[in-house]
Amino acid sequence: MKGRAALTVLGFILLSFTSLCYGDLQVGFYKKNCGFKEVELMVRKVITAQFYNDSTIVAALLRLHFHDCFVRGCDASILLDGNSTEKNAPPNFSVRGFDLIDQAKAVVEGACPGLVSCADIIAIAARDAVYLAGGGWYNVETGRRDGLVSLASEVDLPAPSFSVSQAIAAFGRKGLDTTDMVLLLGGHTVGVTHCSLLQDRLYNFQNTGKPDPTMDTFLASIWRFKCPQNAAKDNTVNLDQNPKSTDVVDKSYYKQLMINRGILQIDQELALDPQTNATVMSLATGCKFSAQFGQAMVKMGAIEVLTGTQDPKPKEVEPKVDLESGQAWPPPTANGEPEIKIGWSCNHSSFTATTALKDLKLKLHHLGHPLIK
Ligand code: HEM
């Protein structure tokens, strides 16, 4: 494990010397803006330390990034607490990884107070997670500002029962094309789904009283065993059914789709629908997945971002949301207009920078990790 960690760190160091520009976001934004302190490295230390304890954080961070970007853009609005914020919308109930972002935020706050956005931390953390899990490295763009509004009612994520056409339309509304969509669904190369989301495919597909005929029949019988009807406990099933690759970011997800071992309906449909099957086949048989997945992640990470000093979407900041304790938000000023805070912000972490650093050092020390030296 130590050898693997050392190699990983060397890879990270060699790969992070680039500073390129794409539109409003930039690769290496914090190199210029945080007194040359290595913000990305700080985040990476937090993610690396946790990864060697629990590799399921890769799936958590990937999904967190997707769910953040698809609602109000990549603005960390998914992190905001409150009675009716995004976090409390049903599609986000099983989203994980909030604590990790808090931890990384606390660490970077110690170095660059009030500068590093949580939206950037999510993007950096997802990239680091992909790389740690065997996916390719990609340069992550930074310079996002955090949003100030988060509404459960706006969470309109694609559902697992979507047809390919519906999913293409949903991704299209975010500026992503069909190929981007097929690549990004490659995120299902790691992680799990709950059995409750498979009941329809296993027992009563589209009210036929029968299983989904596109499923591999042997595998379906195993899934039925793991996911009994009306079970008291909602078990989980790996999204990538290749047992050697369930927590590796690689093309095996597409190979599984080609042999009818897709778990969610939308996954399997990708391999069957004429709009996407050629891309699935080319990803399953070729060797471009890692590089192309990275490019698609960068594209997703640029959805509707707030950058620079631009106002956070003025039309959307009417005082209509209670972020904390049911109060109208943003609070009206003396003249009755909502007050818009310009600058960096995100949910305040329960960690302090000191406790987070102490915790991280302990973990790295325990692992004999070279980053600690
Ligand atoms: C049409 C688009 C998509 C649909 C319908 C969809 C649906 C789902 C569903 C239903 C789950 C299981 C949730 C649960 O049981 O708790 C899931 C898990 C997951 N999704 Fe997606 N997803 C989509 C796109 C994406 C994208 C674009 C990514 C990342 C780039 C992604 C990454 C993940 C990951 C990593 C998991 C596993 C999470 C974990 O283990 O905690 N998904 N997705």
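Scoring rules and cut-offs
Residues numbered from 1 in each chain as written. Predicted model: local features only at pLDDT ≥ 70, side-chain atom pairs only at ≥ 80, totals over all residues. Helix = DSSP H or I, 4+ residues; strand = E, 2+ residues; numbered from the N terminus. Buried ≥ 20, exposed ≤ 12 C-beta atoms within 10 Å, placed from the backbone. Contact = placed C-beta atoms within 7 Å. UniProt positions renumbered as here; feature names shortened; annotations may be inferred. Core = buried A, V, L, I, M, F, W, Y, C linked by C-beta atoms within 7 Å. Domains from an automatic or database assignment. Near = placed C-beta within 6 Å. Nonpolar A, V, L, I, M, F, W, Y, C, P; charged D, E, K, R; others polar.

Trainee: So what exactly am I meant to see when it comes to the overall build of the chain here?
Mentor: For the chain, the helix and strand inventory stands at 15 helices and seven strands. Put simply, the chain has 373 residues, and 43% of those count as buried. Within the chain, counting contacts between residues at least 6 apart in sequence, those at least 24 apart form 76% of the total.

Trainee: When you look at the UniProt feature "site: Transition state stabilizer" (unreviewed entry) in the chain in this model, what are you seeing that I'm missing?
Mentor: The UniProt record marks R63 with the feature "site: Transition state stabilizer" (unreviewed entry), using the residue numbering of this structure. Counting through the fold element by element, R63 comes out in helix α4 (residues 57-69).

Trainee: What is the right way to look at the nonpolar core in this model?
Mentor: Note on soluble globular proteins: their nonpolar side chains tend to be buried together. V43, V58, L61, I121, I122, A125 and A129 are the most contacted members of the largest nonpolar core, which totals 86 residues. Examining the composition of this core, we find that 12 residues originate from one element, helix α6 (residues 118-132), more than from any other. Mapping this core onto the domain boundaries places at least three of its residues in each of domain 1 (2-157 + 301-372) and domain 2 (164-299). Ignoring anything within four residues of it in the chain, the contact list for A125 reads V43, I47, L61, L100, I101 and A104.

Trainee: What am I meant to see in the site of the ligand here?
Mentor: In the vicinity of the ligand, 25 residues are found, and the nearest of them are A59, S94, G187, G191 and H194. Listed by contribution, the elements that provide at least two residues to the shell around the ligand are α4, α8 (178-185) and β5 (192-194). No other element matches α4, which puts five residues into the shell around the ligand. Here the residues of the shell around the ligand sort into 17 nonpolar, six polar and two charged. Inspection of the shell around the ligand shows a minimum of three residues originating in each of domain 1 (2-157 + 301-372) and domain 2 (164-299).

Trainee: For this particular structure, what's the right way to read helix α12 (residues 265-272)?
Mentor: It helps to recall that an α-helix has 3.6 residues per turn; residues three or four apart then point in one direction. With seven of its eight residues buried, α12 lies for the most part within the structure. Along α12, the positions that sit buried rather than exposed are Q265, I266, D267, Q268, E269, L270 and A271. On its buried face, α12 is in contact with α7 (164-172), α8, α9 (199-203), α11 (252-258) and α13 (277-285).

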